[in-house]
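Okay, here's what each chain looks like letter by letter:
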Amino acid sequence: MDLHLEHLTLTYPDGESSLTAVDDVDLTVPAGSTTALLGPSGSGKSSLLAVAAGLTAPDHGVVRFGGEQVFTSATPAARATRERLNRIGMVFQSPQLLGSLTALEQLELHAHLRGRRPASVRSRALELLAAVGVADHRHKRPAQLSGGQRQRVAIARALVGRPEVLLVDEPTSALDHERGTQVVELITQLARELGAATLLVSHDASTLTTADRTVRMRDGRIEEPAGTVAA
Amino acid sequence: MFVALRDLKNARGRFVLMSVVIVLITFLVTFLASLTEGLARESTSAVTELPADRLVFSMPAPGDSPAFTASQVTAGVWEEWAQLPGVQTAEPLGVATTRAESAGTTASVTTLGVIPGSALAPQRVTPGTVLLSTGAAEDLRIGTGETVTLGGRELTVAAVADSDASFAHTPAVWTSLEDWQAIGARGADGDEPVATVVALTTSGASDADLAAADNENGTTTLTRADARSAVSSFAGENTSLTTMQAFLLVISALVVGAFFSVWTISRSGEIAVLKALGASTAYLLRDALGQAALLLVGGVALGTGLAAGGAALLPGTVPVALTAGTTLVPAAGLIVLGLLGAGVSVARITGIDPHAALAAR
Ligand SMILES: Nc1ncnc2c1ncn2[C@@H]1O[C@H](COP(=O)(O)OP(=O)(O)OP(=O)(O)O)[C@@H](O)[C@H]1O
Ligand SMILES: [Mg+2]
């Protein structure tokens, strides 16, 4: 299902005035494809992902999945939470794993949140952990993993629920160039297999060779024209 | 409780510490409750075990509360009451704490005077004899056939009854009302025989009937349970011990609340992650409250078990009475109040904004 961001605006209160972190953004990510979002620090990339995930309501604008309006400024938090659980996979800028869960349990948690037995997703979870290269560490807790391993567990976690939309924030920040390129390649490949519309934020354009498209953000706006990286 | 159980395991030290606090508080509350009950029995069992449903007190000074030490009823009064419709029996009962002397020793006892043959005593009593409770027999170290001097009057022990009734922390003995009057009637003016209270068995006498009769006779009628407060030793002890228990219950709720408050704040980052992953507020509250319930039920069960075991090991001289009321009721109270404390603390989960909290993590 395609992801449509339409006229999204997000402002944060900033003392007396307010700060426009996302400024009238229009963006479409086709199902199964990966759009890379590049831009300097503070340009609003994470904020745009937060709005796309329904983590915070936009001031204006609409997030659509296919033809369906999913998040607007009026979406209740409980509804947004439900949509996130059922339709969105998210990788945060830092791994944000839960301290007392093992790598495998981080993935199984998703089933539990959906009211299913954690073991019901075990084989898929193991498959995903193997795909991101941390299958051997499945019984370790976050404190026992390296930064890069944590990030890869977080990527696997985002995919375990077979999301329609995948939102990934800086998956390569804890990895070297080679590993980073591999991870982006893995995400684009998995997104294609799942048919998930994927929006991937990065600092490092050199890792994005496998993305279907790259757009740049500056001061809350998408810069025109959007360049396309050869697939 | 997918996450909560793993948190329990992972932060074992913190939860063990908290459990120990709950165990100790439970131990204290259960022990206090059992002591309260034990002391209450020592103070009032001679009254609460009477085969009567109501007691009539005279009111020497209007406006006072009824008291065994102040009440004095005349034959006229109990005859009046016996004629009241709905009253099946109205019998005089004398209550007086006196000094008792046996060959070997002396002790304080409470002498209960009844009409010979009255059901108010556990066995038949006849003039010139005394019926001992097991406690009195132990304290005086005497048995059937021996003599005991009660308030200067020498009486023969007719039997040791199968009863450990006591009153105002002294063991009970039963005599005929006649003997009792010689021992215990305080300031009997004139020649009218007196007792302390009238014990009623009623059937179908309404409260209004009884109140009307009270008005007419200048008396106050209490149910057997309410009559406990007319025992001065009971009234004082019970109030202070019950207050202590109430304080302990409130303190435990606050301690549990404070613990879960700190715990919830320290894991608000993870709660934000869970919300971002799609955990509903209901799911998170269930998780957190389940964790609190597990801790409380475990700690309270252990504390109650320890208190029950400890009380059973104590020598008989410590008046602790273990009943469902002194173990299960405080345990349930601790769990309910603890959950309330935890509930108030984890309620802040609902206010966590995942976007803001994640940015700060
Ligand atoms: N929760 C918040 N409250 C207030 N201001 C915020 C908040 N989050 C971000 N901002 C501000 O919004 C702007 C955009 O921030 P955002 O995190 O979206 O940038 P970014 O492009 O992801 O940067 P980076 O590459 O460093 O992660 C910044 O100026 C930032 O200071
Ligand atoms: Mg960012």
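These numbers come from a predicted model, not from an experiment.

Procedures and definitions
- Residues numbered from 1 in each chain as written.
- Chains lettered and ligands numbered in written order.
- Predicted model: local features only at pLDDT ≥ 70, side-chain atom pairs only at ≥ 80, totals over all residues.
- Heavy atoms only, no water.
- Helix = DSSP H or I, 4+ residues; strand = E, 2+ residues; numbered from the N terminus.
- Rg over C-alpha atoms; globule rule 2.2 N^0.38 Å.
- Buried < 20%, exposed > 50% of the residue type's maximum accessible area, 1.4 Å probe, protein only.
- Contact = heavy atoms within 4.5 Å.
- Areas by Shrake-Rupley, 256 points an atom, 1.4 Å probe, with all protein chains shown as cover.
- Pairing = 2+ DSSP bridges.
- Axes fitted to C-alpha atoms, helices over the stretch in contact; angles between N-to-C directions.
- Donors = N, O, S within 2.8 Å, 3.2 Å for Na, K, Ca; no water.
- Near = heavy atom within 4 Å.
- Polar contact = N/O pair within 3.5 Å; in protein donor to acceptor, adjacent residues only side chain to side chain.
- 1 Å grid on protein atoms, 1.4 Å probe; cavity = no way out; pocket = protein on both sides within 12 Å on 5 of 7 lines; lining within 4 Å.
- Sits in = over half its atoms within 2 Å of the grid points.
- Nonpolar A, V, L, I, M, F, W, Y, C, P; charged D, E, K, R; others polar.

Novice: Explanation requested: the overall build of chain B in the structure shown.
Specialist: When helices and strands are counted, chain B shows eleven helices and twelve strands. On C-alpha atoms alone, chain B measures out to a radius of gyration of 28 Å, which is more than a quarter above the 21 Å that the 2.2 N^0.38 rule sets for 361 residues. The principal-axis extents of the C-alpha atoms in chain B amount to approximately 95 × 50 × 30 Å. Looking at chain B residue by residue over its 361 residues, the buried ones come to 49%. In chain B, 80% of the contacts between residues at least 6 apart in sequence involve partners at least 24 apart. Carbon and sulfur atoms provide 60% of the accessible area of chain B, an area that totals close to 15700 Å².

Novice: For this particular structure, what's the right way to read the sheet that holds strand β4 (residues 60-65) of chain A?
Specialist: Within a sheet, adjacent strands bond to each other through the backbone by hydrogen bonds, running parallel or antiparallel. All names here are of chain A. Spatial strand order, β2-β1-β4-β5: four strands in an open sheet with antiparallel pairing. The sheet is open, and its two borders are formed by β2 (17-29) and β5 (68-71), each paired with just one other strand. Averaged over all neighbouring strand pairs, the angle between strand axes comes to 35°, with direction disregarded. Of the strand pairs in this sheet, strand β1 (residues 3-14) and β4 are connected by five bridges, and their pairing is antiparallel.

Novice: Explanation requested: the coordination of the magnesium ion (ligand 2) in the structure shown.
Specialist: A four-donor tetrahedral metal ideally has 109.5 degree angles, and a six-donor octahedral metal ideally has angles of 90 or 180 degrees. All names here are of chain A. Looking at the metal site, the magnesium ion (ligand 2) is ligated by Ser46 (OG) and Gln93 (OE1), spaced 1.9 to 2.3 Å from it. In this pair, Ser46 sits in helix α1 (residues 45-52) while Gln93 sits in the loop between β6 (88-91) and α3 (103-113), placing the two residues 47 residues apart along the sequence. A relative accessible area of 28% places Ser46 in the partly exposed class. Taking the relative accessible area as the measure of exposure, Gln93 reaches 40% and is therefore partly exposed.

Novice: Which parts of the structure should I look at to understand the site of ligand 1?
Specialist: Residues and elements named next belong to chain A. In the vicinity of ligand 1 lie 14 residues, with Ser41, Lys45, Ser46, Ser47 and Gln93 positioned nearest. In this structure, an oxygen atom belonging to ligand 1 sits 2.8 Å away from a side-chain N or O atom of Gln93. Look at ligand 1: alone it shows 630 Å² of surface, and the protein chains cover 68% of it. Cavity membership is defined here by more than half of the atoms lying within 2 Å of grid points; on that basis ligand 1 lies in the second largest pocket. Elements that contribute at least two residues to the shell around ligand 1 include exactly β2 and α1. With three residues, the single largest contributor to the shell around ligand 1 is α1. A per-class count over the shell around ligand 1 returns four nonpolar, eight polar and two charged.

Novice: Which parts of the structure should I look at to understand the environment of Gly44(A)?
Specialist: Residue and element names in this part refer to chain A. Its location among the elements puts Gly44 in the loop between β3 (34-38) and α1. The exposure class of Gly44 is buried, given its relative accessible area of 9%. Taking the C-alpha atoms as reference points, Gly44 and Ile222, separated by 178 residues in sequence, lie 9.8 Å from one another. Each residue touching Gly44, except ones within four places of it in the same chain, is listed here: Ala21, Val22 and Met217.

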